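Residue strings, one per chain:
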Amino acid sequence: MSRLLCRLEDIPDGEGRGFEGDADGDGIFVVRHGDRAYGYVNSCPHAASPLDWVENQFMSLDKSHILCATHGAEFRIEDGFCVLGPCSGQSLVPVPVSVRDGDVVLG
Ligand code: FES
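What counts and how
- Counting starts from 1 at the beginning of each chain's written sequence and moves along it residue by residue.
- Predicted model: local features are reported for residues with pLDDT of at least 70 only, side-chain atom pairs are reported and counted for 80 or more only, and whole-chain, interface and lining totals are derived from all residues.
- Note that water and hydrogens are dropped before the side-chain values are worked out from all heavy atoms of the structure.
- Strands were regarded as paired on the criterion that DSSP finds at least two bridges between them.
- Working definition: helices are DSSP H or I runs of at least four residues, strands are E runs of at least two. Numbering for both runs from the N terminus.
- Throughout this description, the term nonpolar core refers to a set of buried Ala, Val, Leu, Ile, Met, Phe, Trp, Tyr and Cys residues connected via side-chain atoms within 4.5 Å.
- With a 1.4 Å probe rolled over the protein chains alone, any residue whose accessible area is under 20% of its type maximum counts as buried; one over 50% counts as exposed, and the rest are partly exposed.
- By definition, residues are in contact when any of their heavy atoms lie within 4.5 Å.

K.L.:
Help me get a handle on the sheet that holds strand E5 (residues 66-67), residues and values and all.
P.N.:
If you walk across this open sheet you meet the three strands as E5-E6-E7, and the pairing is antiparallel. The strands lining the two open edges of the sheet, one partner per strand, are E5 and strand E7 (82-84). One ladder, built from two bridges, connects E5 with strand E6 (residues 74-75); its direction is antiparallel. Among the inter-strand pairings, Leu-67 is bridged to a residue of E6, identified as Glu-74.

Set out below in structure tokens:
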């Protein structure tokens, strides 16, 4: 089953946006990188905090990495691998997100 999250154009290029997850789970977020969208569970592998200290602020200053605002871990956009910070070598949990006719779709 799939779920429409938003239009790709609703997420500025290089930014992220949070969404509710499943009923019993953490929230999720989607990062837009050009025409692509990448989805992850909004829970840092370090201390399981949501990554966005300020709502929908998921990116490092230069927009090159996903940033956990709690203790500063940075993750690659394309696979969620942590390259810097207290959970280096761990990864965000991916969620299946795709872009279909400009719609960002989960599942
Ligand atoms: S909870 Fe994300 S870096 Fe500590």
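K.L.:
Now, about the nonpolar core: what can you tell me, with residues and values included?
P.N.:
Note that soluble globular proteins tend to have their nonpolar side chains buried in a common cluster. Phe-29, Leu-51, Ile-66, Phe-75 and Leu-92 are the most contacted members of the largest nonpolar core, which has 16 residues in total. If you list the elements that add at least two residues to this core, you get strand E3 (28-33) and strand E4 (36-41). Ignoring sequence-local partners within four residues, the contact set of Ile-66 consists of Phe-29, Val-31, Tyr-40, Leu-51, Phe-58, Met-59, Ala-73, Glu-74, Phe-75, Arg-76, Ile-77 and Leu-92. Counting 13 residues, the second largest nonpolar core, distinct from the first, contains Cys-6, Ile-28, Val-95 and Val-104.

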